[in-house]
Amino acid sequence: RRLRMACRLRLNSARPFLAFGKLFLRHGELAQAEESLSIARQNAEGTELAAVEAALAQVREQAGDLDGAWQYALSAARAQPENREWLLAARRIVRKLGDTGQEIELYARYLSRRPGDVEILTELARLRLESGELQQAADLAERALLLAPDNTDAEGILNACSSATR
């Protein structure tokens, strides 16, 4: 009730509800955060909607609902595939779920918009190597090394790919 009163002047705007939701989330008030963010979601669109869904992912994750958290995180990452912050949040959740295929898809989508992110290139190369996709892993590691010649992780992945194909 107080939340609605505080936002009364801007009931058709997601921004105040998003701000309150994030505030409640920081203080561990998950029920209030979810209520505020759900109201924000009704009025949000575009970048603001992605921010609301990213915050809802955090709420669901803290509540122990990893499947729900993943759905919100994936929605935010799809809406704004170039947003690194939301990619990293989605990555944290998908790793807890242990779904390597979804993690690979998440990285590939991100790299289609940000092809020069060396850390993510290297991570995707590592996942491809672990999945036995040696050629894809080697290609990604080579791209990472072109961008950052001192990338020892990418170099190690490339060496592992070479060793495995001998």
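Everything that follows concerns the structure shown earlier in this document.
Bear in mind the structure is a predicted one, so any value in this text is a computation, not a measurement.

## Regarding the overall build of the protein chain
Next up, step 1: Scanning the protein chain for helices and strands turns up 10 helices and zero strands.
Next up, step 2: Secondary structure elements of the protein chain occur, N-terminal to C-terminal, as α-α-α-α-α-α-α-α-α-α.
Next up, step 3: Relative to a compact globule of 166 residues, whose C-alpha radius of gyration would be 15 Å, the protein chain shows 19 Å and is clearly more extended.
Next up, step 4: Overall, the C-alpha framework of the protein chain stretches about 70 × 25 × 20 Å when taken along its three principal axes.
Next up, step 5: Restricting the contact set of the protein chain to residue pairs at least 6 apart, pairs at least 24 apart contribute 48%.

## Points about helix α6 (residues 84-97)
Next up, step 1: Given a rise of 1.5 Å per residue, 14 residues ought to cover 20 Å, and the 20 Å separating the end C-alpha atoms of α6 matches this to within 8%.
Next up, step 2: Inspection of α6 places W86, L87, A89, A90, R91, I93 and V94 among the buried residues, and these make up the whole buried set.
Next up, step 3: The secondary structure elements touched by the buried residues of α6 are α4 (46-62), α5 (66-79), α7 (100-113) and α8 (118-130).
Next up, step 4: Two or three places before E85, at the opening of α6, N83 has a side-chain oxygen 3.0 Å from that residue's backbone nitrogen.
Next up, step 5: Immediately beyond the C-terminal end of α6, within one or two residues, lies G98, with a positive phi of roughly 75 degrees.

## With respect to the nonpolar core
Next up, step 1: Of all hydrophobic cores here, the largest spans 29 residues; its most connected members are W70 and L106.
Next up, step 2: Only α5, α6, α7, α8, α9 (134-147) and α10 (152-165) provide two or more residues apiece to this core.
Next up, step 3: A per-element tally of this core places α9 first, with six residues.

## What to know about helix α2 (residues 15-26)
Next up, step 1: With 12 residues, α2 ought to run about 16 Å at 1.5 Å a step, and its terminal C-alpha atoms sit 17 Å apart, in line with that.
Next up, step 2: Buried within α2 we find P16, F17, L18, G21 and L25.
Next up, step 3: Taken from the residues just after α2, G28 is the one with a positive phi, measuring 75 degrees.

## Some remarks on the environment of G68
Next up, step 1: Position of G68 relative to the elements: it lies in helix α5.
Next up, step 2: Along the primary structure G68 and Q58 are separated by 10 residues, whereas in three dimensions their C-alpha atoms are 9.8 Å apart.

## With respect to the pattern of salt bridges
Next up, step 1: In total, this model carries 17 salt bridges according to the counting rule given.
Next up, step 2: Between E48 and R15 there is a salt bridge, and its shortest N-O distance comes to 3.9 Å. Of this pair, E48 sits in helix α4 while R15 sits in helix α2; the two residues are 33 residues apart in sequence, bridging distant segments of the chain.
Next up, step 3: In this structure R15 comes out as exposed when scored by relative accessible area, which is 52%.
Next up, step 4: Residues E123 and R126 are paired through a salt bridge, measuring 2.8 Å at the closest nitrogen-oxygen approach. One end of the pair, E123, and the other, R126, are both in helix α8, three residues apart, so they sit about a helical turn from each other.
Next up, step 5: Under the relative-accessibility criterion, R126 is labelled partly exposed at 25%.

Parameters at a glance
- Residues numbered from 1 in each chain as written.
- Predicted model: local features only at pLDDT ≥ 70, side-chain atom pairs only at ≥ 80, totals over all residues.
- Heavy atoms only, no water.
- Helix = DSSP H or I, 4+ residues; strand = E, 2+ residues; numbered from the N terminus.
- Rg over C-alpha atoms; globule rule 2.2 N^0.38 Å.
- Contact = heavy atoms within 4.5 Å.
- Expected span 1.5 Å × (residues − 1).
- Buried < 20%, exposed > 50% of the residue type's maximum accessible area, 1.4 Å probe, protein only.
- Polar contact = N/O pair within 3.5 Å; in protein donor to acceptor, adjacent residues only side chain to side chain.
- Core = buried A, V, L, I, M, F, W, Y, C linked by side-chain atoms within 4.5 Å.
- Salt bridge = Lys/Arg side-chain N within 4 Å of Asp/Glu carboxyl O.

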